[in-house]
Amino acid sequence: MEGPVGQKEKKQEFTLVAVSDLASSSSESQSKPVVARFSDDSGLAELRFYKESESATAINVDLRTAQIFKLSSVQSVCLTEGSDSTEEKTSYSRGVTVQFRNEEESRAFHCAFKQWKEEVLEGKPLPNGTIAATKSKFDDKIEASSAKMYFHYYGQLLHQQNMLQDYVRTGTYYAAVIENRADFVGRVVVDVGAGSGILSLFAAQAGAKHVYAVEASEMAEYARKLIVGNPSLGQRITVIKGKVEEVELPEKADILISEPMGTLLVNERMLESYVIARDRFLVPGGKMFPSVGRIHMAPFSDEYLFIEIANKALFWQQQNYYGVDLTPLYGSAFQGYFSQPVVDAFDPRLLVASPTYHVLDFTKSKEEDLYEIEIPLRFTASVGARVHGLACWFDVLFNGSTVQRWLTTAPGAPTTHWYQLRCVLTQPIYVMAGQEITGQLRMVAHNAQSYTLYLTLMAKMWGPGAEQGGIIQASSCKLDLKEPYYRMSQPQAYPLAQDQQSHPLINTQDIQIQSQDFEEAELMQHPSPNSGAQMNSMVENN
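Quick look at the structure, then.

Here is what the cut-offs are and how they apply
- Residues numbered from 1 in each chain as written.
- Predicted model: local features only at pLDDT ≥ 70, side-chain atom pairs only at ≥ 80, totals over all residues.
- Heavy atoms only, no water.
- Helix = DSSP H or I, 4+ residues; strand = E, 2+ residues; numbered from the N terminus.
- Expected span 1.5 Å × (residues − 1).
- Buried < 20%, exposed > 50% of the residue type's maximum accessible area, 1.4 Å probe, protein only.
- Pairing = 2+ DSSP bridges.
- Axes fitted to C-alpha atoms, helices over the stretch in contact; angles between N-to-C directions.
- Contact = heavy atoms within 4.5 Å.
- Core = buried A, V, L, I, M, F, W, Y, C linked by side-chain atoms within 4.5 Å.

1. Here's the deal with helix α10 (residues 270–281)
Next up, step 1: Across its 12 residues, α10 extends 16 Å between first and last C-alpha, which sits within 8% of the 16 Å expected from 1.5 Å per residue.
Next up, step 2: The complete set of buried residues in α10 reads Met270, Leu271, Glu272, Ser273, Tyr274, Val275, Ile276, Ala277, Arg278 and Phe281.

Have a look at this one:
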């Protein structure tokens, strides 16, 4: 068999055990090899079945209307439509039964068949690999307009550059692969959502036997150029343009590598594609880089941020805007601004309790497990403060045989292009040091490739008489992860008390923040009557 279809290649041949026309009672003898030949010698791709030296008796298959179906692991039937020249152009079906020598050759033939068929339909050569003709699960659950914008975004080099220049991200991936060469040497690797192909090149550097770089966007063409430009590595990398839900690969993978993480880990819903790729391509017991993800959460207090968001809606409190009263829309505008999760890098001293985390095991999670994620929340306040919402970040584990390495987006750690995320309540709650804060974060996937977030935080009222009544203060909000507020200005300065040491970086292994790291002096006190005006001025100046 010749190699995959390329721009310079004009044919592809397979040796078969036997072929037989369903319209005939006889089959081709096994005494002479039977050849299946794909070619485009005439400028139009075609498939012919014939015995060697007997091409005159070939069976021709029209790839424009042909379909192929597996009857068993080594036998398939190819159906096509045609016209009987002796009658009035009447359409009829023709079938050819194909017998392969083994299952591997059967799988390779099916890949080639679909690839050549797509070439006929599109009128141009396809990249390596093939795409299934049927509608995939991706298409069923994702809105077409969202998918179009998503693949358009990641098909541009400037956005790939943004990710490549995240040296925490790229450097951690490089170290995780190279430090675990023993996992890659001589192994087959699938790069899920390969983008520019950088992770495929890392895997090749680590000694992978072959890497299949699967990328659905137009970035696949750039990846091919980059890989061709690195021939010592590129000869072991095949770029396949298509979705992992649809493409077929000629062999199983020993390792999956991917960067499927979005904001709050789950945004863009690529984790589902990562899990689907695991089920479709990975051998039992194969490795995944990364293998585990954790979403970390902690309540925070940030008066500056709360006022900044609330002030955005003040425009709609004008009662005489060119003679128009805008106040009927103030409530909707206020809720709209608070429905945006805030993406920025914040000072970890704003956290008012030690964080908790929720684990997603990519090696075991089912795709359906990611449709709706419910996380119970329970914290113990370290200080007395107004809680303005829930701060979130994530990390992922590369569980290599030689070295285990974490990639973290924690506050206080070197900033990544994911930053951190905060869900801000429209109504803050008050807590005292040692008081318990409970609630729930519920994330529901939607067809715009993101999630709707439902957050509730609760705490008992404090003050004279509150214990007798057991009164609960609760605050909830609904946010759309698809529409965040990117707050990329530098975080506000929170000056240290004279006797206070600088806050250490968060440990990426256990992510624990000690209560002694928080002092009431460094947190916002309840605002004085004129503090609102002062803060409004600060926000405007920024």
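2. A look at the sheet that holds strand β14 (residues 253–258)
Next up, step 1: Spatially, the five strands line up as an open sheet ordered β12-β11-β10-β14-β15, and their pairing is parallel. Lying at the two open borders of the sheet, with one neighbouring strand each, are β12 (237–241) and β15 (282–289). Direction aside, the axes of adjacent strands within the sheet are offset by 25 degrees on average.
Next up, step 2: Strand contacts of helix α7 (residues 198–205): β10 (188–192), β11 (210–215), β12 and β14, with the helix running at about 175 degrees to β11, the strand carrying the most contacts.
Next up, step 3: Docked against the sheet, α10 engages β10, β14 and β15, running at close to 145 degrees with respect to β15.

3. A short note on the nonpolar core
Next up, step 1: One finds Leu265, Val266 and Met443 to be the most contacted residues of the largest nonpolar core, which totals 95 residues.
Next up, step 2: Looking at this core, the element that brings in the most residues is strand β20 (residues 385–399), giving seven residues.
Next up, step 3: Filtering out sequence-adjacent residues up to four positions away, Leu265 remains in contact with Pro260, Leu271, Gly293, Arg294, Ile295, Leu360, Phe362, Phe394 and Val396.
Next up, step 4: The next biggest cluster of nonpolar side chains, apart from the first, holds 23 residues, and it includes Val34, Ile68, Cys78 and Ala108.

4. Topic: the pairing of strand β23 (residues 436–446)
Next up, step 1: Taken across its 11 residues, β23 has eight buried, putting it largely inside the fold.
Next up, step 2: Here strand β19 (residues 372–380) runs beside β23; their pairing, made up of nine bridges, is antiparallel. Among the inter-strand pairings, Thr380 is bridged to a residue of β23, identified as Glu436.
Next up, step 3: Where β23 meets strand β24 (residues 450–460), nine bridges bridge the pair, whose relative direction is antiparallel.

5. Digging into the environment of Val283
Next up, step 1: In this fold, Val283 is placed in strand β15.
Next up, step 2: Overall, Val283 belongs to the partly exposed group, its relative accessible area being 24%.
Next up, step 3: Apart from the residues lying within four places of it in its own chain, the contact partners of Val283 are Lys252, Ala253 and Asp254.

6. A short note on the sheet that holds β23
Next up, step 1: In spatial order, the strands read β19-β23-β24-β25; together these four strands make up an open sheet with antiparallel pairing. Strands with a single pairing partner mark the edges of an open sheet, and in this sheet they are β19 and β25 (472–480). Strand-to-strand twist of the sheet, defined as the mean angle between neighbouring strand axes without regard to direction, takes the value 15 degrees.

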